[in-house]
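Listed here are the chains, written in short residue letters.
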Amino acid sequence: MAFGLCPFLFGRVDWIVWEAGVTVAERMRAVWRVATGGDVAVETGAELAKRRTLALPSILSPYAGFGNGMPKPTQANLRRFAETPLVRRAINVIKDRIVTMDWQVRVRRGCAPGDTNDVRGRLSALRRMLEEPNATDSFRTLMEQVIEDALTGGYGAIEMEATDDPEKPALLWPVDGATIRVNAKWDGSADVARYEQVTAGGMPGQAVPLRDDQLMYVRMNPRSFTPFGLGPLEVAFETVNQFLSAHRFAGKLAANSVVQYALWLNEATPSQQERLIRWWQDEIEGTGRVPLLSTEQKPEVLRFAQGTDADLRLQWQQFLMRMVANAFGLPPMLLGLEGDVNRATAAELSDEAFRGAIEPLAKLIAEHITRDLFAKCIGWREYEFVFNDLSARDEETELAIQVQLLAAGVYTVNEVRAMRGLGPIDALGGVQLAAGELG
């Protein structure tokens, strides 16, 4: 068997296995069958359900650009822009808030604790697996790399390998999402590779195939016409480029030691001008003396610039900073623009940043951990991963609400402890009591 790539589907969006000795015509017919969904079928009972629609039809269009199905062509520029102060601030605001959240592993909603075996042991194993994903990373360092890639290029990848150790059911490693290729014609089969990793300059035969239960691929802003996501930095790419150009211009202008004006003497001969220059350099420049000029006509000062902050284009730079903040879903206040912020609006803007930028990405990561890691890789579908801070209001408000619900008998003590990430306690032989029932 020989591994070949489909040249008709611009890039490595789809791959096909060709046998030796197959003619070019047969290969093209095979490519067309796969492109039109003829070979994609999912077995349901005794019947075969075939897909009728095309996956990624824009890639098959003759008018589509070659970059639609190709790996993102500006990875070096995106990552270089991610190291600039403005973008780094936006990324760190989201990333640091998520990785410092308190989290827990619990029994999934709809599943009773009695439906699974050794609930406490499995919960402990899952937490230990996430706290120590591999020999070098912790949960925070692993998630920081994934979130960094997700915000930069719209992808975040984690390799998952199941183990036979009941104390640590899987090992996790961060993966450079820019090297991942997506099989657009994956039919849901567990034995067919859904992803492959191709390094820069690597040959097609050197690609590392990865099944769906071996790779967690976090896509931001998924779309139907491309297998790749869309990161906030990609949205703000042109804006960041313009901001850097304006910032460099302002820096050069502010650091320029040449004055932005000239002295014009009307009807001065070249010898008189030369004498004036030597006199100015020898007697006036750097001495602090007041120059005295005696001429028939008053010298005139010619300004090349206004000499104010308007020359630095500060308002234009502030506008670009607001556009970058919009791309990341953050209020401009968090990027350093505090001119239009007061005490009444600061709390609202902070809450807007949490609900609009931090919470959606945190929930996306939690859903991937629950579905890809717990369900697909390990096979423990009865458990889920949640961030405790996502549903939390203000701490005082949350505490007052929980106390009132406890007093009314709506929640039990163990239910409130689970909301706060604490383990259950037993009372009177394991019976959970509400606060109103405690004597």
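Because the structure is a prediction, the values reported are computed rather than measured. (Residues numbered from 1 in each chain as written. Predicted model: local features only at pLDDT ≥ 70, side-chain atom pairs only at ≥ 80, totals over all residues. Heavy atoms only, no water.)

A. How the structure looks around the pattern of salt bridges. Here the structure, examined in full by the defined rule, presents 20 salt bridges. Between Glu 148 and Arg 88 there is a salt bridge, with its nearest N and O atoms 2.7 Å apart. Taken together, the residues span a long stretch of sequence, with Glu 148 in helix H6 (residues 139–153) and Arg 88 in helix H4 (residues 85–99) at a distance of 60 residues. Judged by relative accessible area, Glu 148 falls into the buried class, the value being 17%. Notably, a salt bridge pairs Arg 355 with Asp 351, separated by 3.7 Å at the nearest N-O pair. Remark: Asp 351 and Arg 355 occur in helix H11 (residues 343–378); sequence separation between them is four residues, near one turn of the helix. Take Arg 355: its relative accessible area is 33%, and that puts it in the partly exposed class. (Salt bridge = Lys/Arg side-chain N within 4 Å of Asp/Glu carboxyl O. Helix = DSSP H or I, 4+ residues; strand = E, 2+ residues; numbered from the N terminus. Buried < 20%, exposed > 50% of the residue type's maximum accessible area, 1.4 Å probe, protein only.)

B. Seen up close, unusual backbone geometry. In the Ramachandran plot, Asn 221 falls in the positive-phi region, its phi being about 55 degrees despite a non-glycine side chain. Its relative accessible area of 44% is what places Asn 221 among the partly exposed residues.

C. Representation of the sheet that holds strand S10 (residues 208–210) in the model. Taken together, the three strands give an open sheet; going across it, the order is S8-S9-S10, and neighbouring strands pair in antiparallel fashion. A single partner strand is all that each edge strand has here, and the edge strands are strand S8 (180–182) and S10. Between one strand axis and the next, the sheet turns through 30 degrees on average, direction left out of account. Here S8 pairs with strand S9 (residues 195–197) via three bridges, running antiparallel. (Pairing = 2+ DSSP bridges. Axes fitted to C-alpha atoms, helices over the stretch in contact; angles between N-to-C directions.)

D. Representation of the packing of H4 against H6 within the structure. Where H4 contacts H6, the axes come no closer than 10 Å and their chain directions differ by 140 degrees. Considered as vectors, H4 and H6 are oriented oblique to each other. Seen along the crossing, H4 lies across H6 with a hand that is right-handed. For the pair H4 and H6, contact is made by Arg 88, Ile 91, Ile 94, Lys 95, Asp 96, Ile 98 and Val 99 and by Arg 140, Met 143, Glu 144, Ile 147, Glu 148, Leu 151 and Thr 152, respectively. Its residues assigned to classes, the contact of H4 with H6 shows seven nonpolar, one polar and six charged. (Parallel < 35°, antiparallel > 145°, perpendicular 65-115°, else oblique. Left-handed = near helix turned anticlockwise from the far one by under 90°. Contact = heavy atoms within 4.5 Å. Nonpolar A, V, L, I, M, F, W, Y, C, P; charged D, E, K, R; others polar.)

E. Up close: the side chain of Asn 388. By secondary structure assignment, the location of Asn 388 is in the loop between strand S14 (383–387) and helix H12 (395–407). Polar side-chain contacts of Asn 388 include one of 2.8 Å to the side chain of Asp 102. Looking at Asn 388, its side chain comes within polar contact range of the side chain of Gln 104, at 2.8 Å. (Polar contact = N/O pair within 3.5 Å; in protein donor to acceptor, adjacent residues only side chain to side chain.)

F. How the structure looks around H12. End to end, H12 covers 18 Å across 13 residues, agreeing with the expected 18 Å (1.5 Å per residue, within 8%). Residues of H12 that are buried make contact with helix H13 (413–419). Of the residues one or two after H12, Gly 409 is the one with positive phi, at around 80 degrees. (Expected span 1.5 Å × (residues − 1).)

G. Layout of the sheet that holds strand S6 (residues 155–162). Overall, antiparallel pairing links the three strands, which are arranged S7-S6-S11 in an open sheet. The open sheet has two free edges, formed respectively by strand S7 (170–175) and strand S11 (215–219), since each of these has just one partner strand. Averaged over neighbouring strand pairs, the angle between their axes works out to 20 degrees when direction is ignored. Where S6 lies against S7, six bridges are found, and the strand directions are antiparallel. Each residue of the ladder has a partner; that of Ile 158, found in S7, is Pro 174. Running over the sheet, H6 touches S6, S7 and S11 and is turned about 145 degrees from S6.

H. Seen up close, the pairing of S11. With four of five residues buried, S11 is to be regarded as a mostly interior element. Examined bridge by bridge, S6 and S11 share five bridges and lie antiparallel to one another. Paired with Gly 156 across the two strands is Val 218, which belongs to S11.

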